Amino acid sequence: MSNKDTKQKLDEFEKKLKELAFTIDKVEDEKLEITNQLKKVLSDYNNLERDIEKRVNIRVLQLKISMAKSLFKSVDDIGYAMKASENLQLNEQAKNWLDGLKSVLSGIEKSLLEIGVEVMVVSVGDEYDSDLHEVVTTIPGNENNKIVDVIEKGYLIGDVVIKPARVVVSRI
């Protein structure tokens, strides 16, 4: 084999080597691009999962609030009936009926508690808080902004007020 043939074969080999190097670079660039696309798709998927979970949690909370609010009127009405019965002279049959009513109220309150609805603890003498309480009326008193009477219970789910307590507040 002559020097010329060797040089020609060497040139061909270098040309093929450069072509292979170019192809390798191109494949690595495509691999990097595909890897980046996959990372982006995975990130988008994870974000979507988090968004869906947040939306589901919000919808569950909305449903709990809606269900609870639909029961509040009945709970308040039963509470009014029980309070009104305190001043009545009831026979044994009426007392048994009232005990049944108390049991129904207890069952409703237990059901509310099971879905995360808690009764707001409000006492006479507490400071009025517009975020937690709704003023039904005010009466003159020795202290300003003190709760004098609780007319209706308030309810919370976690830190969210779903029904403010209806109260009577004193004003100087």
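Quick notes on the rules
Residues numbered from 1 in each chain as written. Predicted model: local features only at pLDDT ≥ 70, side-chain atom pairs only at ≥ 80, totals over all residues. Heavy atoms only, no water. Pairing = 2+ DSSP bridges. Helix = DSSP H or I, 4+ residues; strand = E, 2+ residues; numbered from the N terminus. Axes fitted to C-alpha atoms, helices over the stretch in contact; angles between N-to-C directions. Expected span 1.5 Å × (residues − 1). Bend = angle between axes of the 7 residues up to and from the residue. Buried < 20%, exposed > 50% of the residue type's maximum accessible area, 1.4 Å probe, protein only. Contact = heavy atoms within 4.5 Å. Polar contact = N/O pair within 3.5 Å; in protein donor to acceptor, adjacent residues only side chain to side chain. Parallel < 35°, antiparallel > 145°, perpendicular 65-115°, else oblique. Left-handed = near helix turned anticlockwise from the far one by under 90°. Nonpolar A, V, L, I, M, F, W, Y, C, P; charged D, E, K, R; others polar. Patch = residues over 30% accessible without salt bridge, like charges linked within 9 Å, V, L, I, M, F, W, Y side chains within 5 Å. Areas by Shrake-Rupley, 256 points an atom, 1.4 Å probe, with all protein chains shown as cover. Salt bridge = Lys/Arg side-chain N within 4 Å of Asp/Glu carboxyl O. Lys, Arg positive; Asp, Glu negative; His and termini not counted. Charge placed at Lys NZ, Arg CZ, Asp CG, Glu CD.

A.B. asks: Please provide a residue-by-residue account of the sheet that holds strand β2 (residues 133-140), values included.
C.D. replies: The strand order across the open sheet built from three strands is β2-β6-β3, with neighbouring strands paired in mixed fashion. The sheet is open, and its two borders are formed by β2 and β3 (147-152), each paired with just one other strand. Here the average twist between neighbouring strands, direction ignored, is 25 degrees. Pairing analysis gives four bridges linking β3 to strand β6 (residues 165-171), with the strands arranged antiparallel. Considered in β6, the bridge of glutamate 152 is made with arginine 166.

A.B. asks: Help me get a handle on helix α1 (residues 3-85), residues and values and all.
C.D. replies: The end-to-end C-alpha separation of α1 is 121 Å, in line with the 123 Å expected for 83 residues at 1.5 Å each. Of all bends in α1, the biggest is about 30 degrees, found at leucine 71. Among all positions of α1, only Ile65, Ala68, Phe72, Val75, Asp76, Ile78, Met82 and Ser85 are buried. In this fold, the buried residues of α1 make contact with α2 (92-114), β1 (117-119), β3, β4 (155-157) and β5 (160-163).

A.B. asks: Explain α2 to me, using residue names and the numbers behind them.
C.D. replies: The terminal C-alpha atoms of α2, which comprises 23 residues, lie 33 Å apart, in line with the 33 Å expected from a rise of 1.5 Å per residue. Every buried residue of α2 is accounted for by Leu98, Leu101, Leu105, Ile108 and Leu112. On the buried face of α2, the contacting elements are α1, β1 and β4. Structurally, the start of α2 carries an N-cap: the backbone nitrogen of glutamine 93 is 3.1 Å from a side-chain oxygen of asparagine 91. Just downstream of α2, glycine 116 is the residue with a positive phi angle, here 95 degrees.

A.B. asks: Residue-level account of the packing of α1 against α2, with values.
C.D. replies: Across the interface, α1 lies against α2 with an axial gap of 10 Å and an inter-helix angle of 150 degrees. The angle between α1 and α2 places the two elements in the roughly antiparallel class. Every pair of crossing elements has a handedness; the one defined by α1 and α2 is left-handed. Residues Ala68, Leu71, Phe72, Val75, Ile78, Ala81, Met82 and Ser85 of α1 touch α2, and the partners they reach there are Leu98, Leu101, Lys102, Val104, Leu105, Ile108, Glu109 and Leu112. Taken together, the residues of the contact of α1 with α2 break down into 13 nonpolar, one polar and two charged.

A.B. asks: Explain the sheet that holds β1 residue by residue, including any values.
C.D. replies: Sheet strands associate in pairs through backbone hydrogen bonding, adopting either a parallel or an antiparallel arrangement. The strand order across the open sheet built from three strands is β1-β4-β5, with neighbouring strands paired in antiparallel fashion. This sheet does not close on itself; its edge strands, each paired only once, are β1 and β5. Geometrically, the sheet is characterised by an average inter-axis angle of 40 degrees between neighbouring strands, direction not taken into account. By the bridge criterion, three bridges tie β1 to β4 in an arrangement that is antiparallel. Paired with valine 119 across the two strands is tyrosine 155, which belongs to β4.

A.B. asks: Outline a negative patch on the surface, listing residues and values.
C.D. replies: A surface patch of like charges, here negative, comprises Asp25, Glu28, Asp29, Glu30 and Glu33. Within the secondary structure, glutamate 30 is located in helix α1. Taking relative accessible area as the criterion, glutamate 30 reaches 40% and is therefore assigned partly exposed.

A.B. asks: An account of the side chain of serine 170 is requested, with residue identities and associated values reported.
C.D. replies: Here serine 170 is to be found in strand β6. In terms of polar contacts, serine 170 uses its side chain to reach the backbone carbonyl oxygen of glutamate 143, at 2.5 Å.

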